[in-house]
Amino acid sequence: MALDRVPEVRPQLTPLLEERWSPRAFDPDHTLSAEDLAPLFEAARWAPSAGNSQPWSFIYGLRGDDPHSTIFKLLDEGNQRWAKRASAIIIT
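Residues numbered from 1 in each chain as written. Predicted model: local features only at pLDDT ≥ 70, side-chain atom pairs only at ≥ 80, totals over all residues. Heavy atoms only, no water.

S.K.: Give a detailed account of the overall build of the protein chain, specifying residues and quantitative values.
M.R.: Helices and strands together make up the secondary structure of the protein chain, namely four helices and two strands. A compact globule built from 92 residues would reach a C-alpha radius of gyration of about 12 Å, whereas the protein chain, at 18 Å, exceeds it by more than 25%. If one aligns the C-alpha atoms of the protein chain with their principal axes, the spans along those axes are about 60 × 30 × 25 Å. Here the protein chain, with 92 residues, has 13% of them falling under the buried criterion. (Helix = DSSP H or I, 4+ residues; strand = E, 2+ residues; numbered from the N terminus. Rg over C-alpha atoms; globule rule 2.2 N^0.38 Å. Buried < 20%, exposed > 50% of the residue type's maximum accessible area, 1.4 Å probe, protein only.)

Next comes the structure, spelled out in structure tokens:
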């Protein structure tokens, strides 16, 4: 059988992954709270890590607070362009 006649096999993905969207810009008026982030951190806590080196640790800042400002200053200029509009910045 010629290789050009082999049908493409595409595995089924969970809808969460299939419908995933990566924004290139953030709404500067949208805000998240620590309570909004809590379920995201809990889900991430259960995710596997390279070398099974859990537990995960997270540092986050919400736009306008000191941690956000500190993390923002650590980013390169290219990342600062989008991060200034992000409601939260998270470091793992």
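S.K.: How would you summarise the side chain of histidine 68 if you had to cite specific residues and measurements?
M.R.: Relative to the elements of secondary structure, histidine 68 occurs in helix 3 (residues 66-74). Judged by its relative accessible area of 6%, histidine 68 falls in the buried class. Ignoring sequence-local partners within four residues, the contact set of histidine 68 consists of Gly61, Leu62, Arg63, Ala83, Ala86, Ser87, Ala88 and Ile89. (Contact = heavy atoms within 4.5 Å.)

S.K.: Go over the side chain of serine 87 with me, naming the residues and quoting the values.
M.R.: On the secondary structure map, serine 87 appears in the loop between helix 4 (77-83) and strand 2 (88-91). For serine 87, the side chain forms a polar contact with the main-chain nitrogen of leucine 32, separated by 2.6 Å. Aside from chain neighbours lying at most four places away, what touches serine 87 is His30, Thr31, Leu32, Gly61, Leu62, Arg63 and His68. (Polar contact = N/O pair within 3.5 Å; in protein donor to acceptor, adjacent residues only side chain to side chain.)

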